[in-house]
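An overview of the molecular structure
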Amino acid sequence: MTITQDDLRYDPDRKLKVVGTTPIKPDGVDKVTGRAKFGADVHLPGMLVGKVLRSPYAHAIIESIDTSAAEALAGVKAVVTRDDFPELPPGEFRNISCNFMAREKAFYDGHAVAAVAATSERIAKKALKLIVVDYQVLPHVIDVMDAIKPDAPILFEDMVTQGMDPARGGPTNIVQRKEFTMGDADAGFAEADIIVERVFDTKPMHQGYIEPQACVANYTEDGQTELWCCTQGHFIYRTRLAAVLKMDISKIRVTQSELGGGFGGKTMFYIEPVAIALSRKANRPVKITLTRNEVLRATGPVAGTHSRIKMGMTKDGKFTAAEAELYFQTGPFTGSAFVNAPQAMFTRYDLQNIRAVGYEVVSNRPKVNAFRAPCVPQVVFGVEGVIDELAKKIGMDPIDLRLRNAAVEGYETIYGATFGPVGFVETLEAAKAHPHYTAPLGANQGRGVATGFWFNRGGETTASLNITPDGTVTLLLGNPDVAGSRVSICMMVAEELGIGVDKVRPIIGDTSTLGFNRVTAGSRVTFSAGIAVVLSARKAIKILCQRAAMMWDVPEDGVVFEDGHVRPASSNVGDFEPLSIADIAKKATETGGPIAGHAEIVAEGAGPGFGCHIVDVEVDKETGAVKIVRYTVVQDAGKAIHPHQVEGQYQGAAAQGIGWALNEEYIYDQDGRMENAGFLDYRIPVASDLPMIDTVIIEVPNPLHPYGLRGVGEVPLVPTMAAIANAIDDAIGIRPRSLPMSPPKVLKLIEEAAEGRDRA
Amino acid sequence: MDELRYEAPETLDAAVALLAGADGDARILAGGTDVLVLLHCDMIEPDLLIDIKKIPELTGIAEEDGGFRVGAAVSAMELVEHDAFPKAWPGVVEGVKLIGSIQIKGRATMGGNVCNASPAADSVPALIAAGAIGTIVGPDGRRDVPVEDIATAPGQTSLGKGEILVSFLFPPRPPHSGDAYRRFTPRTEMDIAVVGVGISLTLDDGGTCTAARVVLGAVAARALLVADAAAVLIGTPLDEAALERLAAVASAACRPIDDKRGTKEFRIKVAGVLARRVAQDAYERARGN
Amino acid sequence: MAKSHVTTTVNGDEYEFLCDTEQTLLDILRDELLLTGTKEGCATGDCGACSVMLDGCLVCACLVLGVEAAGKSIETVEGLAHGDELHPLQQKFLEHNGAQCGICTPGMLIAAKALLEVEPDPSETEIRYWLAGNLCRCTGYDKIIRAVMAAAEEMREVRS
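Residues numbered from 1 in each chain as written. Chains lettered and ligands numbered in written order. Predicted model: local features only at pLDDT ≥ 70, side-chain atom pairs only at ≥ 80, totals over all residues. Heavy atoms only, no water.

**Brief notes about helix α7 (residues 234-245) of chain A**
Residues and elements named next belong to chain A.
- Its 12 residues give α7 an end-to-end C-alpha distance of 16 Å, which sits within 8% of 16 Å, the value for a rise of 1.5 Å per residue.
- Burial of α7 is extensive: 10 of the 12 residues sit out of reach of the surface.
- Along α7, the positions that sit buried rather than exposed are H234, F235, I236, Y237, R238, R240, L241, A242, V244 and L245.
- Elements in contact with the buried residues of α7: α3 (92-100), β10 (225-229), β11 (252-256), α8 (272-282) and β19 (504-508). (Helix = DSSP H or I, 4+ residues; strand = E, 2+ residues; numbered from the N terminus. Expected span 1.5 Å × (residues − 1). Buried < 20%, exposed > 50% of the residue type's maximum accessible area, 1.4 Å probe, protein only. Contact = heavy atoms within 4.5 Å.)

**Focus: unusual backbone geometry**
- Cis geometry marks the peptide bond from L739(A) to P740(A), where omega comes out at -10 degrees.
- Inspection of the secondary structure assignment puts P740(A) in the loop between α20 (720-732) and α21 (743-754).
- Notably, A117(B) is not glycine yet its phi reads approximately 60 degrees, a positive angle.
- Within the secondary structure layout, A117(B) lies in the loop between α7 (110-115) and α8 (123-129).

**Observations concerning the interface of chain C and chain A**
- Each partner contributes to the interface: chain C provides 49 residues, whereas chain A provides 50 residues.
- Contact between chain C and chain A buries roughly 4100 Å² in total, counting both sides, with carbon and sulfur atoms accounting for 58%.
- Summed over the shared surface of chain C and chain A, the number is five salt bridges.
- Here R30(C) ties to D41(A) by a salt bridge, and the two come within 2.7 Å at their closest N and O atoms.
- Here chain C and chain A share 26 residue pairs in polar contact (both at pLDDT 80 or more) between them.
- For the side of chain C that touches chain A, the elements supplying multiple residues, two or more each, are α1 (25-32), α2 (88-95), α3 (105-118), α4 (124-130) and α5 (142-159) of chain C.
- Of the residues belonging to the side of chain C that touches chain A, the class tally is 22 nonpolar, 12 polar and 15 charged. (Buried area = accessible area lost by both parts, 1.4 Å probe. Salt bridge = Lys/Arg side-chain N within 4 Å of Asp/Glu carboxyl O. Polar contact = N/O pair within 3.5 Å; in protein donor to acceptor, adjacent residues only side chain to side chain. Nonpolar A, V, L, I, M, F, W, Y, C, P; charged D, E, K, R; others polar.)

**Observations concerning the environment of T125(C)**
Residue and element names in this part refer to chain C.
- Within the secondary structure, T125 sits in helix α4.
- For T125, a relative accessible area of 48% translates into the label partly exposed.
- As for T125 and I145, which are separated by 20 residues in sequence, their C-alpha atoms are 9.4 Å apart.

**What to know about the domain arrangement of chain C**
Residues and elements named next belong to chain C.
- By the assigned domains, chain C splits into domain 1 (4-79) and domain 2 (88-159).
- Its C-alpha centre places domain 1 at a distance of 22 Å from the equivalent point of domain 2.
- The partner domain 2 presents 14 residues to the 13 residues of domain 1 that form the contact.
- Where domain 1 abuts domain 2, roughly 1000 Å² becomes buried across the two surfaces, and 65% of that area is made up of carbon and sulfur atoms.
- Across the contact surface, domain 1 and domain 2 share one salt bridge.
- With its nearest N and O atoms 3.0 Å apart, the salt bridge here joins K113 to E75.
- Where domain 1 touches domain 2, the interface holds five residue pairs in polar contact (both at pLDDT 80 or more).
- Here the element with the most residues in the side of domain 1 that touches domain 2 is strand β3 (residues 51-54); it accounts for three residues.
- Counted by class, the side of domain 1 that touches domain 2 contains six nonpolar, four polar and three charged residues. (Domains from an automatic or database assignment.)

**Quick look at the environment of P175(B)**
Residues and elements named next belong to chain B.
- Tracing the sequence through the fold places P175 in the loop between β10 (164-170) and β11 (177-184).
- Taking C-alpha positions, P175 is 34 Å from T157, a pair spaced 18 residues apart along the chain.
- Setting aside residues no more than four positions away along its own chain, P175 makes contact with T202 and L203.

**A few points about the sheet that holds strand β4 (residues 105-106) of chain A**
All names here are of chain A.
- As summarised here, the arrangement of the three strands in space is β4-β2-β6, forming an open sheet in which the pairing is antiparallel. The sheet terminates laterally at β4 and β6 (132-137), the two strands that pair on one side only.
- The pairing of strand β2 (residues 60-66) with β4 spans two bridges and is classified as antiparallel. Each bridged residue has a counterpart across the sheet, and for I61 the counterpart in β4 is K105. (Pairing = 2+ DSSP bridges.)

**So, the side chain of S177(B)**
Residues and elements named next belong to chain B.
- Summarising the element assignment, S177 is placed in strand β11.
- Among the residues examined, S177 registers a relative accessible area of 3% and is labelled buried.
- Leaving out residues up to four positions away in the same chain, S177 has contacts with L201, T202, R285, A286 and N289.

**Some words on the nonpolar core**
- By size, the foremost hydrophobic cluster in this structure holds 198 residues, and its most contacted members are M311(A), F346(A), V617(A), I724(A) and L131(C).
- Residues in contact with L131(C), not counting those within four places in the same chain, are A687(A), M108(C), A111(C), A112(C), I144(C), I145(C) and V148(C).
- Grouped together as the second largest cluster of nonpolar side chains are 89 residues, L49(B), I61(B), V96(B) and I28(C) included. (Core = buried A, V, L, I, M, F, W, Y, C linked by side-chain atoms within 4.5 Å.)

**Notes on the side chain of T461(A)**
Residues and elements named next belong to chain A.
- Residue placement: T461 occurs in strand β17 (residues 459-467).
- A polar contact is formed between the side chain of T461 and the backbone oxygen of G459, at a distance of 2.9 Å.
- Excluding its chain neighbours within four sequence positions, the residues that come into contact with T461 are N479, F516, N517, R524, S528, A529, A532, A599, E600, I601 and A603.

Structure, rendered in structure tokens:
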């Protein structure tokens, strides 16, 4: 009988030896010695340097591009423009193509318009200056709400808003409208004693990975391509590259480097097809490495939003209805994943009446890319602010109000799924019991809490596990490790096989070694690959048992696998010394050949995750500066396979949220050029900005995973900005409703509060 | 193709000759923390870089006439770690410490900070408050100018063709003197001043201010030495009324712009807040000396 | 003008290379000497990923010209371990999971080593301010700070 995913269920009685410990990760030594190879660390013989020419205009028609002088420069081996990429029918791939190389129009400052490959960086840079682009500059629009004004500059004359009935005619910058409803929101509001309705704004931020995108492409004369790059999903890169370059998928082999941070921002490529096109023209390998300036101007960001959020509650604190109207900035092309927001923003509360409408809007900024729980933290900033206000109105403790309304097992969500066992109540209770929650506050300090939810994901996943002749294990995985999945996955294999985690050696295979793996995103990998490797291990165990039975000449059902050994199932079978995996592997040639297990699955059963953050801030009331004094993340992990990795996700996401909350934003000049395209003025938090970030891992097992785990990477960003806003409100008595909550904005609020101005 | 030349003369005369005789764009390379950034970002295309770090006159710290002479190319880290200088001029050192990260301070120099002529330069308000004098050498010889007369506008200085800022002379400190510098930035480190304030004070034995220099950074095209602000402190023990007036005068002196680092309104307000805080720091130090 | 010929010492080994004036020490280490352990995050001195020691002084290799390395001694992450014995900082980064994605790690290690050389017993605040020039986007710094504190403690014990 074949083992399938359905056979892998959480076993609460299982005694664990490896899972839950904190071994050193297999990629650790390479990372502390400088050996780890990241995107820019690949060098090939004869490699050329590729550089990209970018539009200095936010919105312009590209009348013509003259590359002749650049091509004539000694040392220049190839120049590519829009003419070197296939025309594609309207749709996802055309949008991707038009983003990595502008066609009729440049849509944002930094939009690629041409690229060169040369024998040195100096020559490549010189060549870029020799390319003559004739632009017809057009009026531009940056902000999402400006873009929907009747007189806004229009990016696409033929755009028709999808999801409006009847479809709204042009001209418009609204790409689509999506509405999600459950119950009857109007009836719910009619039942409410208290209604709070507020408007919130968030600014786009950048994922801020420290490693700029880099790749090396080698296109050979027989039409094959090898590509090395830093990516969260080399398989999806391959699929999309094949589509935008009109190549066979099998002719593209993508090898992922170690990933120097992605957080969603390396789920979509920018330079890879350009490097391939240059390599094809030059007949030599081409390396492109983005500068930080290019990273900030042309990759990322995260959607900025405008939202109106309304919630109703009875006077004893029961939520009766929720409503939201949400606008998401997506850059010039659709792809913001904004539909996550209406589905996730209220989900965790036992609400029966919801109406949530989202609009996706184009403007002259870089095309947005994914970031931890795409589009959800922005709107939870508003939801959790409204809830905080509701709690104040009835004088209820903010965690108590959330507990009063917490969704539990059996809750039917707005997206149709029904909650299985979920850990929201446990998370809230742990937050309330945490010493942080009742610690005294100092002068000018305030405390805030907020919560968050993420679906968590599964999807296509493959793995191949091989038992070597000495009984140790090599493991081939198909998902880039974005920080900590490899060790956790190896630990599950070690637990299954009853061997030490150091006996399991993982590598991430290139796209030619395994079947398709969905991108590393959505908190799916440790969950999904966990299932795939447990399945692989159990298949291998089945073979080990068959081989042992063969060696003992007993029936297959006469043996069992326990603690890394095959043993007779009972004394009736015979008196045999248990065989270790190594004992069996040694004899593999005589018993039928190498022993392996592999799995190709669509992982299902991801269990939703919930978090509650507690933060203390101190506000300098004379300058508006906000200091994070104390921070605690409480979150359900289902089961922490490697607690350090889980804590690292909680802490890192909270730090990113702190940056987004306080300082990170794009600053554009009046011509639509980004003014702060560097780490000096795009201010991600530095070590001295932050306190230690305390963590509490809640473990309410996911029954649909063999070790009970839930993804953990997205949730810990979701509540952060709301928690900080609530803390600032607690400190100064007025709630910020616009990100970032930077000193000038907070100072203004303090002055307004002093003047007793009512902003409501 | 035009190539960028690099020269590292070992004498001041040779450096001046190179700078004065250069065709095209010749630039001084001291710590390089500004020049190399501009070069990387293609914001400048110089023909010649003259590395001045091998010239002894530019790289020493020495006591002179009861004060200090500090070479313009002394690295920030060297100055911060010096045995005697930080005790005499803690405010200057506060400014120098804020020039950048430990890594940046390993390279960056006060000379560069002054000659880069950013209105937000962190060492400049404290240097001006200290009454530091810049010694400049050029084809026509040597001249001394107060630091406040070196930067004239963002990116521009009063240095003539071929002139090099060689060193800073810090005057001797009378008893009961103290200086301080603070800036406002959104982050705790790795940031550019939105407002910076440097103040140097001297008190009499009774704690009454007898001399003061108040300098505001990042609120005008160059650092502002605000005589009116000093005047409200002199003759007072920096009581509440004096500090209140100081804040008002400092705010009134600002001529800021709105830019990516701050708004006019915010800068004006925070200049007053910081002036007050820095005056208190300097006062505490002066009383302790 | 021809390229400059430069002789320098990296991790105790003498290297010679030719370079253009605008090539930085970071470019030289990575592209000419193929010592890719030192990382580029910004090339403007704002992220610290390229931190190296230059004659005992902590610097960003992106803000030093290759020609300026002549006659100097450079230490990079590749020189931290002695044979198969990791430096205590490397070991503690492993044990505390101070490296998540690992791109900032080489610079963090070099910067932290420089700190412990001048201050063997730094406070948490001192570590945070010293490392403020080394950006990390993965960890929230928590585990990095703990790893540095643990390494400092171990190094103090070894000394005493």
